[in-house]
Amino acid sequence: MTIPATSCQISKKHVLLSEILAVTSVMRKNSRWASGAHTLTARDSALARDLGLRRSTPTTDIQKNGRLSQEADLMGGFQQLKRTIWDVDDIEALPLPGLIGPFFALIRSPLSNGPITSAALSALHSFFVCNLISATSLSLEPALIELSSTVSHCKFEASDSSGDEVVLLKIMTVIHDCIVTSSVGAFLGDVEICEMLETVLTTACQMRLSEILRRSAESTMLSIVRTIFRRLHDLNPTVEEARLLNEEEPQHGEISVSVSTNVTDAVDSSLQASEGVTSSTQQNAVSLEEPEHSAAPEVEAVSHVLSPPRPYGLPALLELLRVLVNILDPNDQVHTDSTRLTALGILNAAIETSGAVMGDYPSLSALILDPGCKYLFQLARSDNSSVLQAALRTITTVFQTMRKHLKLQQELYLAFSIDRLAAPPQLKPISSKKNNPTSPRPGTPATGTPILGPVDTELELDKGSPVPSRPPVQPARGDTRDLMLETLSQICRHPSSMVDLYINYDCDINCENLFERLIEFLTKGVYPWQYSSASDAQQLHSQYLCLDLLLAFVNDMTVRAEGRSEPWPSDYILPDSLIQDKSRKKLVLTGAARFNSKPKIGIAFLEENKLIYSDLSPEVSRTRSLAIFLKSCTRLDKRLLGDYISKPDNLELLKEFLGLFDFKDKPIADAMREMLETFRLPGESQQIARITETFASIYFASGPAEIKTEDAVYVLAYSVIMLNTDQHNPQIRKRMTIEDYQRNLRGVNGGTNFSSEYLQSIYDSIRKREIVMPEEHTGQLGFEYAWRELLTRSRQSGPFLMCNSALFDLDMFKTIWKPLISAIAYAFISFDDDYVIQRAISGFRQCATLAGHFHLPDVFDFVVVSLSQATSLLSENLPTQVPNYPVVEVEGQSVTVSSLSVKFGTNFKGQLAAVVLFNIVNGNGNALREGWTQIFEMFQNLFMHSLLPTRMLQMEDFLGGVTMIPLRGGQHSRPAPRGDGGLLSALSSYLMTPYGTGSENLVPEATDTEVESTMCTIDCITSCRLDELYAQTIQLDSDALVAAIRALEALAHERTITKWKQESDELTTTFNTSSAGDGTFTLPYDPASVFLLETMVSITCQTSRYIEDLWPILFEHLSALLSASTHYSVLLIERAVVALLRLCLILAQKKILRDQVYVSLDLIAGLPPIVANSVAEQIVAGVTLILQNRDIVSSQTEWNLVFATLRSTTSHPEAARSTFDLVLSFVTDGQSQWITPDNFNGLITIMDEFANSAGQSIAVPQRGRRVPSQPPPNTPPIERGRRAIDILYDMKRFIAPFAESAGLEPGQVWHQYCLPLAMSLGKQSTNPSRLVRHTAINQLQRLLLGPRFVYDENDHGQVEEIFNSIIFPLVDELLKPQVQQFDPQGIPETRLRASALLCKAFMHFEVRENRAKTDIRILWIEILDLLDRLINTGKTEQLYEAVSESLKNVVLVMNAANILVPPSQEDQRDEHQRTLWTTTQARLERFLPGFLTEVIPTPQLQLPPSTPVPGSTSVVPVTTPSTT
């Protein structure tokens, strides 16, 4: 009968009496207690004893079976108890053992049956519930000792199995009440706790008991374990450990727990803790016949004898932990998987409760670290899914609570897990030429080791080999894989997990790069596997787990980047030291890998990076330094190492290498074992002998016992190697015995024998423990070796550092960002789960945030590239010509339904990617570099489909303001020059709106579905806020801005220069080509190239502060376009010219870049005329704006370039007008006047060009057609030409001030100013335009004969230049027939004026009284020749008369000046005069016979008859009237 908890308010006396009644009532139902005889006997005996009487015992009673006495005692105990408490008001004043002793006796008695024992146990439960058994009870400790013994030694007759199991359940309940529920548990001793735990644990492990009973016992055990292990939090570790070491053997029992599941009949069992097993079934007859003593007196005696136990503590917990760990041993065949499963659950509960403090107790942590983790890791390979799950859970709990004590254990488990979870070997066959990054040994790939797909060489060198060597494992499949992956995720899910992995393993040269390996596995795990054994659901689940762990890592790093990280503890190693260790580790791994490939190369690398030979000293030689590295580096190929050090050339290295071992006081077997675990013996006998001899020398030097000579060591060493092979080679059937071994070694110890004990120890050591070569560590043997190595290293590895620090995030992120982002991108593209997509989007955002935080533009670029590929907005082959897409009206808005808008509108994931991409880039443009290419490529694609915001479709023009970039070009590649004087430039040849109205292509109808998809696209583009991003580009820093412009230039270059080269080379008749005037191939109009150019220039113009960085990029592109301007469309070239001039406006503001303005102008000036004419208006407008800054031009060379550029515009009607106005402002008085010595000659040139343009407007008459008249003087070109001549003449007024300010000599003034000016007027005196021609010759005459004409009168050479360079060419040109064709009616008059100018100039410069005596004969004869030609060419009376009159005046003046002197009677002429007269007379006689004598009469002299001059002719005047 169980008392409800609510009855605790009833008096304890009532409860006790009620339970006595309940138990005795059940007893009376049994035949043993059916009569009361035994009760009376017991009572009489008690009464006689109390009264001091001796009562005789009948002989018949003596002979009665002792069993009746036991029965009576059991019932009598209850009767006595009732009498005792009947008159006691407060039963708590009585000792507790006396109150509950009868119940204990009944429970221990084998005479009891199941119902009776069950009633007694229920009574004990009631006593706990009503607090009859409590912490305040008298004599509590003896009672608890008796209680522990009672429930642990419970015996009863077997009945039905269900009833018996009820008894066991109630035993569990009482134990649970005692330890967990009530307050008396803390008073239990270690022995009592162990007894109870053994009872419960044994019940839980009895496989023949019912499932319910075992599960109940297991539940009780878990509750008890959590309770007792919670005590560790309150104990003092130091005190408890000291108590454990100094504990004497307890007087009342032994602290031990054991469990056995080997039973014959569990249902009829009797639990016996002292024996550690459950007894076999006892037959009823036997149990009735066996004499049994009463348990009550016995317990009472014990309670009086034993001292109160101390409360339980570390000893009991340690014993339980030992038992649980031993059960886990997978090599122990005694325990089954079911038992291990139970033990795993209990152990997990214990560690969950107190794992965090177990590390403070060396005894407990030692159990967990060595056998505990070892068995757990072995169970992690179990094929039993339940055991595997329980083992993995326990492993997780161990790492979560005791991580700081399990550095190398965690390394081994994580490496093992990654190996099992990695891709199967068949995906990538092991290459014998490459070191396997996951191989147990570098350079020696192990069969079956998982390969993680292709590994880059550098990455492989970084990873190196595992340390210690790991046995190969088979890949996990199915549910096992899911379990292991879930466990891995749980272990590494802590916010600081990845940081902890990095600082503890990747920064430790003796550990694996676990962080890198884990990330590599996770990133590859996001992709699907190619083996078929996994279901789609399992594979997807695996991919989700890998992705989730990656995203958790990114999220944790982002949180740390935001400032929520932990400070680095001051007692930890310095972070800088860890980072240096990581760098050194990378070098060591690289050097080891190169050594494994070729030792010489590896050693050279090690020396170069100061990994060897940097510690040289008198004590450390080069050879020893190398030996230290070779011995300490665990990444070397052990086979190659053994081969290298045993070569003859490396004997000193071998000695130094073996000299590093400490063989002092070590048996030779152990010494050989230690040596042969560092390298593998080579196969060549001479190398083995060399190693053995060296070992013998060094080992003998350590002074080993019982060995007399070095040769003896040599023989012993060989014998150890042979014995090891003999004992452990499976191919050898007959093993060597100890006698054989002793026989083989007779007389080798200096002629004597080794002692039998010495050889026996060597023999036993090798037989029991094989010397395992480094390449033979496989299977269980390999695991044992790896575990021993781990324990050895753990003593030197230091604690596991744990700190959620952000100090290493940069190095970590730089290591893994590329595969990480690739995996996130794959997940985003491939997975359909909304939650996963949302997480991937967050991952992208966080990676971008980290890229900005760490200033890693490459990372940001990779994010952008990954997302841009997911948007489907990138187009590899974007067409040049835009199709005619339908345009519809939607809510008052014109919408273009294009192929892209329809396709993108149905691609929801692409829209997500676009929104995420542009939201990431918005505000983070400074973190972007190469990614700008994708951004602008998407812009370009959207532009071609009319999906960009209006602001991004505009182009700035010097003439028409802001206009839209046309999507289609006109039909003509080169428009003819216009003469209508309009303001627009070549843009008039193209449509100004995105869509044309041509009928060459029919516009298809748009369906409702297509319109709806287009609206989705428009909404998405709106959400992307492209215009905001475009506006943010002007706020970019220098590096990001340069990257953006480079990206634009690259895209533009691809669509222009590169495309032209490709298409011109592959030109066929299938291409729609057009030819320029020179017959070369010309690309059709490409709106995208204009868009890219305009975007590039617009951004640059708004970021003029960075023009120094941006200018080279833009100029390279623009110069490439303009240098081949005839190959591209007019609009593109016009936009290039405009762009160049807009940039020049900015360059003009930077002194350091002003020379680039003139480089640009020179490029524009060199445009072919047909191209220059089409862009002339833009050129003059741009140059006009540039020249508004008067500081921009400062030299004659610069002015020449300016005027050369302007000259290219003079043939265009509108541009010429603007250019002329600009130049006119330079020479016109006022604020705008800008004429300097530097631009003087340039102005002459440009004015000369305008005059030429006037002449070019005169059409040459065709043969047979009526000669046209000269155009009206007010025709713009003619008028400009005339004004240009006037300006040229007017410029002479600036010569004197320039000369004076510069202090020039007359000769310098002549050559710099006067001569060029006169030559220009002389040149224009032959202009086809009559008005210009006559104006020029008039102004030339005014200039030459005027008062301000500056030249050196004493320099006759300058006078000769006037004639030879100006007048003579002028007259000579007028005499050419082709000149007369332009103006047949006006040329004669021009010739007349020229003849007059010729004569006047001669008289002005040569025939003056103050003129120095110079030889003018040659000049004079040339003049006569020209006059001769003039008379004979024109053959008009007017010209004849004019020339004759002019010549007459010249002759008279020359005569008056005493230059041309006729002969006289007294001929006093000098030689010069005589020669001049003779020559003149002879020359004149050719075309004017008698003219000279008529003008200058000569006296009649007696002269010999003159000989006529050969070739002279007579000219007959023509009487035809002049037709001027």
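Presented here is a report on the structure given in the accompanying data block.

Procedures and definitions
Residues numbered from 1 in each chain as written. Predicted model: local features only at pLDDT ≥ 70, side-chain atom pairs only at ≥ 80, totals over all residues. Heavy atoms only, no water. Helix = DSSP H or I, 4+ residues; strand = E, 2+ residues; numbered from the N terminus. Buried < 20%, exposed > 50% of the residue type's maximum accessible area, 1.4 Å probe, protein only. Contact = heavy atoms within 4.5 Å. Areas by Shrake-Rupley, 256 points an atom, 1.4 Å probe, with all protein chains shown as cover. Salt bridge = Lys/Arg side-chain N within 4 Å of Asp/Glu carboxyl O. Expected span 1.5 Å × (residues − 1). Polar contact = N/O pair within 3.5 Å; in protein donor to acceptor, adjacent residues only side chain to side chain. Pairing = 2+ DSSP bridges. Axes fitted to C-alpha atoms, helices over the stretch in contact; angles between N-to-C directions. Left-handed = near helix turned anticlockwise from the far one by under 90°. Core = buried A, V, L, I, M, F, W, Y, C linked by side-chain atoms within 4.5 Å. Parallel < 35°, antiparallel > 145°, perpendicular 65-115°, else oblique. Nonpolar A, V, L, I, M, F, W, Y, C, P; charged D, E, K, R; others polar. Bend = angle between axes of the 7 residues up to and from the residue. Phe/Tyr/Trp six-rings, centres within 6.5 Å; stacked < 30°, edge-to-face > 60°.

**Some points on the overall build of the chain**
Broken down by element type, the chain carries 64 helices and eight strands. Across the 1524 residues that make up the chain, the buried fraction comes to 54%. Taking the contacts inside the chain whose residues are at least 6 apart along the sequence as the reference set, 77% of them involve residues at least 24 apart. Split by element, the accessible area of the chain, about 66,000 Å² in all, is 51% carbon and sulfur.

**A closer look at the pattern of salt bridges**
Counted under the stated rule, the structure contains 47 salt bridges. Connected through salt bridges with shared partners, the residues E211, R214, R215 and E218 form a single ionic network.

**With respect to helix α45 (residues 1087-1102)**
The terminal C-alpha atoms of α45, which comprises 16 residues, lie 22 Å apart, in line with the 22 Å expected from a rise of 1.5 Å per residue. Most of α45 sits out of view: 14 of its 16 residues are buried. Where α45 begins, the capping side chain belongs to D1086, and its oxygen is found 3.2 Å from the backbone nitrogen of A1088.

**Some details on the pairing of strand β5 (residues 954-957)**
Burial along β5 is one-sided: the residues M955 and D957 are buried and none of Q954 and E956 is. By the bridge criterion, four bridges tie β5 to strand β6 (residues 961-964) in an arrangement that is antiparallel. Looking at β6, one finds that M955 is bridged to T963.

**Comments concerning the packing of helix α56 (residues 1306-1324) against helix α57 (residues 1330-1345)**
Packed helix pairs are characterised by how far apart their axes lie and by the angle those axes make with each other. Where α56 contacts α57, the axes come no closer than 7 Å and their chain directions differ by 150°. Classified by chirality, the crossing of α57 by α56 is left-handed. Packed against α56, whose contacting residues are L1317, A1318, L1321, G1322 and Q1324, the element α57 presents V1332, R1333, A1336, Q1339, L1340, L1343 and L1344 at the interface.

**A closer look at the nonpolar core**
By size, the foremost hydrophobic cluster in this structure holds 396 residues, and its most contacted members are W932, I935, F1363 and W1420. Take this core: its biggest share by element is 12 residues, from helix α47 (residues 1130-1147). Not counting residues within four places of it along the chain, the set of residues in contact with F1363 comprises F1368, P1369, L1398, A1401, F1402, F1405, E1406, L1419 and I1423. One finds I645, L658, F661 and I721 within the second-largest nonpolar core, a separate group that totals 56 residues.

**What to know about the environment of A870**
Along the chain, A870 falls in helix α37 (residues 857-871). A C-alpha to C-alpha distance of 7.6 Å links A870 and K909, two positions 39 residues apart in sequence.

**A word on the environment of V836**
Positionally, V836 belongs in helix α36 (residues 834-853). Sequence spacing of V836 and I824 is 12 residues, and the spatial spacing of their C-alpha atoms is 9.9 Å. Look past the residues within four positions of V836 in its chain and what remains in contact with it is Y544, L547 and F831.

**Some words on the packing of α57 against helix α60 (residues 1387-1405)**
As a packed pair, α57 and α60 sit with axes 10 Å apart at the nearest point and diverge in direction by 5°. Regarding the angle of α57 to α60, the classification is roughly parallel. Residues R1333, H1334, I1337, N1338, L1340, Q1341, L1344 and L1345 of α57 touch α60, and the partners they reach there are I1387, E1389, T1390, R1393, A1394, L1397, K1400, A1401, H1404 and F1405. Classifying every residue of the contact of α57 with α60 gives nine nonpolar, five polar and four charged.

**Points about helix α5 (residues 96-108)**
Across its 13 residues, α5 extends 18 Å between first and last C-alpha, which sits within 8% of the 18 Å expected from 1.5 Å per residue. Maximal helix bending in α5 amounts to about 40°, located at P102. Within α5, 12 of the 13 residues are buried, leaving the element largely enclosed by the surrounding structure. The set of residues buried in α5 consists of L96, P97, L99, I100, G101, P102, F103, F104, A105, L106, I107 and R108.

**Some thoughts on unusual backbone geometry**
You will see that S872, though not glycine, has its phi angle at about 65°, which is positive. For S872, the location among the structural elements is in the loop between α37 and β3 (887-890). Assessed through its relative accessible area of 28%, S872 is described here as partly exposed. Backbone geometry at R1025 places phi at a positive 55°, although glycine is not the residue there. Here R1025 lies in the loop between α41 (1008-1024) and α42 (1026-1032).

**Thoughts on the side chain of S1253**
For S1253, the position within the fold is in helix α53 (residues 1240-1256). For S1253, a relative accessible area of 11% puts it in the buried group. In contact with S1253, not counting residues within four places along its chain, are T1210 and P1277.

**Structural notes on the packing of aromatic side chains**
The tally for this structure, following the rule as stated, stands at 47 aromatic pairs. Relative to Y699, the ring of F695 has its centre 5.5 Å away and its plane inclined at 15°; by these criteria the two rings are stacked. Highlighted residues: F695 and Y699, both in helix α30 (residues 685-701), separated by four residues, approximately one helical turn. For the pair F695 and Y699, one class covers both residues: buried. Pairing F918 with F939 gives two aromatic rings, centres 6.1 Å apart and planes at 10°, and the pair type is stacked. Note that F918 is positioned in helix α39 (residues 908-921) and F939 in helix α40 (residues 932-944), a separation of 21 residues in sequence. Each member of the pair, F918 as well as F939, is classed as buried.

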